Structure formats: C-alpha cells, structure tokens
Amino acid sequence: MFDHDTLVWVSKSFGLFYLIALSLIVVAYAYWPSNRKTFDRAARAILIDEDKPWE
Amino acid sequence: MIGQLTRNERQGALLILIALAILGLAMAAVGRDDPLGGQGALVMVAALAGLFGVISRYYAPEPGPDRVSRYYDEPSKVGIIIAMGWVVFGLFIGDWVAWLLVDPNLTFHAAWSSFGRIRPVHTTSVIFGFGGNALIATSFYVMQRTSRARLPDQLSPLFVLFGYNLFCVLAVAGYMMGITQSKEYAEPEWYADIWLVVVWITYFVIYLRTLARRKEKHIYVANWYYLAFILVVAVLHIVNNLAVPVSFGHARSYSLFSGVQDAMTEWWYGHNAVAFFLTSGFLGMLYYYLPKVAGRPIFSYRMSIINFWGITFFYMWAGSHHLHYTALPQWVQTLGMTFSLMLLVPSWASAGNALLTLNGAWHKVRDDATLRFMMVAAVFYGLATFEGSFMAIRPVNSLSHYTDWTIGHVHAGALGWVAMITFGSIYASVPWLWKRDGMFSPRLVEVHFWLAVAGTVIYVMAMWNSGIVQGLMWRTYNDSGTLAYSFVDSVVAMHPYYIARAIGGLMFLLGSLVGCYNIWLTIRTAPQVAGRTASEFPDAAPIGAPVLQPGE
C-alpha cells in the first residue's frame, strides 16, 4: 500500500509542519489578549456555589 | 432511581430491557455448546433483574415539571456507589494476585483462580470498574455544573451507567471462564466489545447534547478533558477490537491484524488507554474538584489549555515505546521514544499547575485530607509521568522492560495518581450530592489517606527494588561470558519484595474499605438542618446572587 519511504517523507514534511502549525494555533489561542477575560471568568465561575441550572 | 423517570422513559427502559433479555436468550441458545452460552445467560439475568426493578416502581408518581430546575444527580450518586464496590473487589483480587506470586498454591487448585485469569480480573475491575464508573459519575456532575444545564433526559445516563457495568461484569465473568482475546486491557471478546460501542456512543451523545444546551458560553477546560476521554476511547476501542468471530455461536474471534501490526495496534491502544482513560479523564476531575475544594481558581487557565493540546497530540504517538527491541521498525520505536520524552513538558506543566493552585491554600491541605488526596495525586502524577518518559528511552527500557519496574511504574500512576484523585473527588462529591455538611467522619478520611499513602509507597518501593534487581540479574555475565544467574535465581530473589508488595496492597485495600464505611455512614445519616449557612446549602442561594468563595 504505502512503502516505508513514502511514510517517512509524509511524516518529515506534512507531519512536521502540521504539528508546528497546530502548536502555533494553540499558543495563539491561549495568549490572544481578548481571550484573557473569558479564561479568567471561566476559571472563577466554577467557584460560584449555585447548585441550579440557569433558566 | 426509577421514580426519577417519566412514564415515557419507564416504557423506554422496559423496551430496552426486553430487547436485552431476548438478546441474552439468543446468545444462550446459539452458544449453548460454548462459553458464549454462559455469557448470554448472564445478559438475560441482568436484563430480567432490571425489568423487575422497573416494573416494581412503574406506577410510582412521576417527577414533576419542576425537575428541570434541578441538576440530575441520580446517575452520579449510583455511579459513585458502584465505583466503590468495584474498587474493593478489584483491590481484593489484586492483593490475592500479589499473594499468589508469594505462594503459588493460593489458587486453591481451581482453573478460574489461576494467575492468567484473575490478573485481568484485577486490572479490568480497577481500571474499568472503579476508574470508569468514577469517570462517568463525576463527568455527569461536572458537565452539568460547568454548563449550568441539566442532562438532556433521565433515561440515557442510566442506560450508559448500567450498560457500562454490564460490560464490566461480562468481561470479568468471562475471564474466569477462560474467555479472552489476549490483548492487554482489551481482553473482552467481540460481543462485549460491540455492546460497549453502543453504550459509549450514547455517552458521547449525552455529553454533546448537554454541551449544546449549555448556558455558559465558554466550555470549561475540565469538559475538554472529559470529552477527549470519551471521544478517543471510542476510537481506540473500535480500531483495536476489529475482529472476525469464529461464528455467532462462539465467543472466540480473530483479530483483523496480525504479527507486528497487531502488536503496534494493541500498544497504540494500550498506551492511549493510559493517556485518555487514566490521564485525560482524571485531569478533567482534577481541574474541577481541586480548585473547588481549595476555593481558588486554577493557577493558570492558559496553561491548562496548552497542556490539553500537548497531551492530546503527543500521547497519540507514544505507544510504540512498549515495543522497543522487537520486530517493529527502529524508526517507529524512536518516534515513540521521542514523543514520550516530549510528553514530559505538558505533564509536568499540568502537575505544576495543580500544585501552584494550592499556593495560598496550604493550610487547607494540612487540615483537610480530601484536598490532601488531590495534592498527593498531583505529586504522583508528576512522578509517574517523569518515570514514564524516562523508561521510554530505549537503553533504559533494556533494563526495565519485562521486569517489576513496569509494575511499580503502573502502580505509581494507578494508586498514587488515579486512585488518589478519585478518592479526593469522591470525598468532595458525596456531601455535595447527598446534601450533607461534610463527610460523616473526617477522621476516617484521614485514616484512609494515610493507609493509601503508606500502601502506595510500600508497593512502589518494593517494585522499584525488585524490578532493578531483576533487570540487573538478567544481564549479569560471568568471566566465561555466560549469564551469571538462572531465571529461577531471579525469582527467588524477588520473594521478599513480593511479600512487601502484597502488604502495601493490603493497606490500600483496607483504606478503601474504611472509605466505603465512611461513605455509607454519610449517606445514611440525615442532613443536619440546624446551623446551616447559605454557602453550605447551595439550594437555598437565590438565583442570580452567587455566593462567593473565600478565594475570590
């Protein structure tokens, strides 16, 4: 089906850049300035002791 | 439990159970000359027991329309009780296996109690029985609170919970009858595997439906971890268990893969079972219960997101480190080793994130054994992930592989990390779920904590020693260039460590029994109404007026 060399070529080219691109996207999302408020709110929101679903 | 179902849902439950009973009967009839018949009978008995349960409460009053103003916690309550049952059973079998290695006569000369059968009974009971039920129970709890939405219906969560336990019982009973497909952590045969796919997809759909109903815009990070656990376990389970049964009347099946492809598929599954069953799901638990009990938000929410993607994408490639020095191509082994080493970054960042969250709450760690369970879990998580990355290095693996060091590593993770975070989360949830002021006896939580810590340390130390001694004895040459020790020499040298390990395991088992007793007393004791404050009684808090925790 695929020989060894093809797989190695795919992993060293596409695979490498795919993982680099993915890590850049993740870091950009995590450090995007406007997301800061959402994350801070999310981290604090679970501490609110309100044991009912919101209407 | 049945009283929580609407009339339509009770009818749905009856239909499912009747279909299941017929399926069991068919299995018993078609497989009457095979162990499959016994498994079919088991399915039928379970379905009939369920039918009696539903029928006996069929005419109980239906829940009112006001049920939607509460979270649906019945499956979480039942799940926690079942998980505690499994942990006692699984640890008992585990300690039996440990004593069996001290004295091989302890099988009592029965086939079902031989090492090869009760060892998977132990692993399945603790990983899937205890771990799986605890994950299902806490995920329903956490997903509702963090989404601020009730589960979409009452029947499907119960189907998932009981269906999953039927799978576990079929698996464990099957091993004792000699049924196994001989894949580690994937021993159950094709019919049980198909059943688990049905249950698991239902679980996944419930999670998505609840998230779709969420009132919080942002999905809290614990849900990401839980969702990764559910989704990836489904993928792993389906691919690794692709097999063709001998016939519909036989329990035996043959894998679609053979040779080294089979080995690679199995360890791609096996290591990702560690990653997504035993890590991702329990990190979900950690990211909810630890901040909640500590009363402080997670130290770095950003770091938890980056770690999530790091863990998710690195773990996928790490499995081949289980196959160093085998017929697997060298470059695949190197790939597995490299990704295992990279995994140390998100793993330690997660452990560090958990411990840094406790900064400012160390007095609570000192006073409250529940939080201390979680703290120790984070420490062992850091320890076990470091050890795992280290053991994946090929030359280190040449010493550690096939020795007790592997068993020590697995138990540092399973006892020190998975069981500790679970006990911590259970001790936190039980008073919240049953609306009690706290656990019946904080002192017994303390006793459980110290038994668990001492048991884990004794176990892991014994296996480190025995594993390294074993590995060194197997590779020591004498002057004439032949092996200095026979295999039996190394077995004799293990004896004292095996006794120590069995004692450590016994302490861990005793701790979990103390936990069961304490949970039972907490549930049985009526809530004390006098002296309650609003923050201790969440239901009393008016909507829109959140009660703030001291950490805010």
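Residues numbered from 1 in each chain as written. Chains lettered and ligands numbered in written order. Predicted model: local features only at pLDDT ≥ 70, side-chain atom pairs only at ≥ 80, totals over all residues.

With that settled, the discussion passes to the overall build of chain A. The secondary structure content of chain A amounts to 2 helices and 0 strands. For 55 residues, the compact-globule estimate of 2.2 N^0.38 gives 10 Å, and the C-alpha radius of gyration of chain A, at 21 Å, exceeds that figure by more than 25%. If you line up chain A on its principal axes, its C-alpha atoms span 60 × 25 × 15 Å. Within chain A, the proportion of its 55 residues that are buried is 11%. (Helix = DSSP H or I, 4+ residues; strand = E, 2+ residues; numbered from the N terminus. Rg over C-alpha atoms; globule rule 2.2 N^0.38 Å. Buried ≥ 20, exposed ≤ 12 C-beta atoms within 10 Å, placed from the backbone.)

Time to look at the overall build of chain B. Counting its secondary structure elements, chain B contains 17 helices and 2 strands. Since a compact globule built from 552 residues should have a radius of gyration of about 24 Å, the 24 Å found for chain B is in line with a globular shape. Its C-alpha atoms give chain B principal-axis dimensions of about 85 × 60 × 45 Å. The proportion of buried residues among the 552 residues of chain B is 49%. In chain B, 81% of the contacts between residues at least 6 apart in sequence involve partners at least 24 apart. (Contact = placed C-beta atoms within 7 Å.)

The next point concerns the domain arrangement of chain B. All names here are of chain B. On domain assignment, one finds that chain B holds domain 1 (1-60) and domain 2 (72-395). Taking the mean C-alpha position of each, domain 1 and domain 2 sit 27 Å from one another. At the junction of the two partners, domain 1 supplies 19 residues and domain 2 supplies 20 residues. Only helix H1 (7-30) and helix H2 (35-56) provide two or more residues apiece to the side of domain 1 that touches domain 2. Along the lines of polarity and charge, the residues of the side of domain 1 that touches domain 2 split into 10 nonpolar, 7 polar and 2 charged. (Domains from an automatic or database assignment. Nonpolar A, V, L, I, M, F, W, Y, C, P; charged D, E, K, R; others polar.)

Turning to the environment of Met-303 of chain B, a few remarks are in order. All names here are of chain B. Along the chain, Met-303 turns up in helix H9 (residues 301-315). Here Met-303 falls in the partly exposed class, since 19 other C-beta atoms lie within 10 Å of it. The contacts of Met-303, once residues within four sequence positions are left out, are Ala-349 and Asn-353.

Looking now at the nonpolar core. Residue and element names in this part refer to chain B. Counting residues in hydrophobic clusters, the biggest one holds 159 residues, and the most contacted among them are Phe-229, Leu-286, Met-374, Ala-377 and Met-420. Ranked by residues supplied to this core, first place goes to helix H8 (residues 259-294) with 21 residues. Aside from chain neighbours lying at most four places away, what touches Leu-286 is Ala-354, Met-374 and Ile-421. (Core = buried A, V, L, I, M, F, W, Y, C linked by C-beta atoms within 7 Å.)

Interface size is often expressed as the accessible area that is lost when the parts come together. On the side of chain B, 34 residues touch chain A, which itself brings 22 residues to the contact. Elements supplying a minimum of two residues to the side of chain A that touches chain B: helix H1 (4-31) and helix H2 (35-45) of chain A. With 7 residues, H1 of chain A is the largest single contributor of residues to the side of chain A that touches chain B.

Turning next to unusual backbone geometry. Leaving glycine out, the prevailing phi sign among residues is negative, and the prevailing peptide bond configuration is trans. Residue and element names in this part refer to chain B. In this structure, Tyr-185 takes a positive phi of about 65° despite not being glycine. Under the C-beta neighbour-count criterion, Tyr-185 is labelled buried, with 20 such atoms within 10 Å. In this model, Tyr-402 sits at a positive phi of 70°, which is unusual for a non-glycine residue. Among the structural elements, Tyr-402 can be located in the loop between helix H14 (394-400) and helix H15 (404-433).

Moving on to the confidence of the model for chain B. Residue and element names in this part refer to chain B. Looking at chain B as a whole, its pLDDT mean stands at 94, while 95% of the residues score no less than 70. Considering only residues more than four positions removed or in separate chains, one finds that residues 530-550, a stretch of pLDDT under 50, has 22 contacts. Across the predicted assembly, pTM comes out at 0.93 and ipTM at 0.91. (pLDDT = per-residue confidence, 0-100.)

This brings us to the packing of H15 of chain B against helix H16 (residues 442-474) of chain B. Residue and element names in this part refer to chain B. Relative orientation of the contacting elements H15 and H16 amounts to 165°, with a least axis distance of 7 Å. In this view, H15 runs roughly antiparallel relative to H16, as classed from their interaxial angle. With respect to the hand of their crossing, H15 and H16 are arranged in left-handed fashion. Here the residues of the contact of H15 with H16 sort into 14 nonpolar, 10 polar and 1 charged. (Axes fitted to C-alpha atoms, helices over the stretch in contact; angles between N-to-C directions. Parallel < 35°, antiparallel > 145°, perpendicular 65-115°, else oblique. Left-handed = near helix turned anticlockwise from the far one by under 90°.)

Since there are 3.6 residues in each turn of an α-helix, residues three or four apart along the chain are aligned in direction. Its 15 residues give H9 of chain B an end-to-end C-alpha distance of 21 Å, which sits within 8% of 21 Å, the value for a rise of 1.5 Å per residue. Counting buried residues in H9 of chain B gives 11 out of 15 residues, a clear majority hidden from the surface. (Expected span 1.5 Å × (residues − 1).)

Right, let's talk about the packing of helix H4 (residues 115-147) of chain B against H15 of chain B for a bit. Residue and element names in this part refer to chain B. Between H4 and H15, whose axes approach to 11 Å, the crossing angle comes to 40°. If you check the angle between H4 and H15, you find them oblique. Crossing geometry of H4 relative to H15 is assigned as left-handed. Of the residues in H15, those in contact with Val-126, Gly-131, Ala-134, Thr-138 and Tyr-141 of H4 are Ala-414, Val-418, Thr-422, Ser-425, Ile-426 and Ser-429.

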